[in-house]
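Structure at a glance
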Amino acid sequence: MSRPVDVLPQTQVAVLAGRDLIVFDGECVLCSGFFRFVLRHDHAERFSFATAQSPLGQALYRALGLNPTAFQTNLVIVNGRIYEELDAFAAAMSVLGWPWRALAVARFIPAPIKHPLYRLIARNRYRLFGRYDTCMVPAPEVRARFIDTAP
């Protein structure tokens, strides 16, 4: 399931400027691991990034009617579409190339299975995988790919 970016306020659409974006919980070990995986395998440097705790992350969560403090989904924007939950993972994998593209089949898991499973893991992610004491700060060589990161 996805939504077009034009459901967002024009100011947010302007900030995105047509970029593909991953918004992730910078305190979550699992979510930050997803970010690092994509960063390592995004050889075309297609994705920009923002933490859910950043001003842009907060604004996007609010605009989409999501809880701006629970961060129970990563957001992935690809080709002008906003994806959530397991569909976000599948969308990100679909543009990484082979062999990772094969993981995009996750989008075909039936909704009655994938949504409850994703939400169960999301609710318990800190307990299962851990939590950083502070929000992830990108290394200098990665900082340019972040939106809402101070220079």
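It should be noted that the structure appears before, not after, this text.
All values derive from a computational prediction rather than experimental measurement.

Some points on the overall build of the protein
Within the protein, the regular secondary structure consists of seven helices and five strands. Starting at the N terminus and ending at the C terminus, the protein contains elements arranged as β-α-β-α-β-α-β-β-α-α-α-α. Its C-alpha atoms give the protein a radius of gyration of 14 Å, within 12% of the compact-globule value 15 Å for 151 residues. Projected onto its principal axes, the C-alpha coordinates of the protein cover approximately 40 × 35 × 30 Å.

Topic: the packing of aromatic side chains
Counted according to the given criterion, the structure contains eight aromatic pairs. Ring centres 6.3 Å apart and planes at 70° place the aromatic pair phenylalanine 24 and phenylalanine 146 in the edge-to-face group. With phenylalanine 24 in strand S2 (residues 20–24) and phenylalanine 146 in the segment after helix H7 (140–143), this residue pair connects regions lying 122 residues apart in the sequence. Each member of the pair, phenylalanine 24 as well as phenylalanine 146, is classed as buried. Where tyrosine 61 meets phenylalanine 71, the ring centres are 5.4 Å apart and the plane angle is 80°; that geometry is what we call edge-to-face. Taken together, the residues tyrosine 61 in helix H3 (residues 55–63) and phenylalanine 71 in the loop between H3 and strand S4 (75–78) connect sequence positions 10 residues apart. Just as tyrosine 61 is buried, phenylalanine 71 falls in that class too. If you follow arginine 125 out to its NZ or CZ, it ends over the ring of tyrosine 126, 4.4 Å from the centre. Lying over the aromatic face of tyrosine 126, arginine 131 brings its terminal NZ or CZ to 4.1 Å of the ring centre.

Some points on the sheet that holds S2
Taken in spatial order, the five strands line up as S1-S5-S4-S2-S3 in an open sheet, and their pairing is mixed. The open sheet has two edge strands, strand S1 (2–4) and strand S3 (47–51), and neither has a second partner. Averaged over all pairs of adjacent strands, the angle between their axes in this sheet comes to 20°, without regard to strand direction. Strand direction decides the pairing type here: S2 and S4, joined by three bridges, are antiparallel. Bridging from a neighbouring strand, leucine 21 pairs with isoleucine 77 of S4. Where H3 meets the sheet, it contacts S2, S3 and S4, and its direction lies at approximately 90° from that of S2.

A closer look at a nonpolar patch on the surface
Residues Leu30, Leu117, Leu120, Ile121, Leu128 and Phe129 make up a contiguous nonpolar surface patch of roughly 520 Å² in combined accessible area. Going through the elements one at a time, helix H5 (111–123) and helix H6 (125–129) are the ones with two or more residues in the nonpolar patch. The element contributing the most residues to the nonpolar patch is H5, with three residues. In this fold, isoleucine 121 is placed in helix H5.

Overview of the nonpolar core
Counting 21 residues, the largest nonpolar core has Ile22, Val38, Phe47, Phe49 and Val76 as its most contacted members. Counting residues per element, the ones that place at least two in this core are S2, helix H2 (29–41), S3, S4 and helix H4 (85–94). In contact with isoleucine 22, not counting residues within four places along its chain, are Phe34, Val38, Phe47, Ser48, Phe49, Ala50, Leu75, Val76 and Ala92. In this structure, Val23, Ala50, Leu64 and Ile147 belong to the second largest nonpolar core, which totals 17 residues.

What to know about the pairing of S3
With five of its five residues buried, S3 lies for the most part within the structure. Neither face of S3 is exposed, since Phe47, Phe49 and Thr51 on one face and Ser48 and Ala50 on the opposite face are all buried. Two elements, S2 and S3, share five bridges in a ladder whose sense is parallel. Bridging across to S3, aspartate 20 finds its partner in phenylalanine 47. What joins S2 to S3 is H2, and the crossover it makes is right-handed.

Rules used in this analysis
- Residues numbered from 1 in each chain as written.
- Predicted model: local features only at pLDDT ≥ 70, side-chain atom pairs only at ≥ 80, totals over all residues.
- Heavy atoms only, no water.
- Helix = DSSP H or I, 4+ residues; strand = E, 2+ residues; numbered from the N terminus.
- Rg over C-alpha atoms; globule rule 2.2 N^0.38 Å.
- Phe/Tyr/Trp six-rings, centres within 6.5 Å; stacked < 30°, edge-to-face > 60°.
- Buried < 20%, exposed > 50% of the residue type's maximum accessible area, 1.4 Å probe, protein only.
- Lys NZ or Arg CZ within 6 Å of the ring centre and 35° of its normal.
- Pairing = 2+ DSSP bridges.
- Axes fitted to C-alpha atoms, helices over the stretch in contact; angles between N-to-C directions.
- Contact = heavy atoms within 4.5 Å.
- Patch = residues over 30% accessible without salt bridge, like charges linked within 9 Å, V, L, I, M, F, W, Y side chains within 5 Å.
- Areas by Shrake-Rupley, 256 points an atom, 1.4 Å probe, with all protein chains shown as cover.
- Salt bridge = Lys/Arg side-chain N within 4 Å of Asp/Glu carboxyl O.
- Core = buried A, V, L, I, M, F, W, Y, C linked by side-chain atoms within 4.5 Å.
- Right-handed = clockwise from strand over helix to strand, strands pointing away.

Structural measurements only, silent on function.
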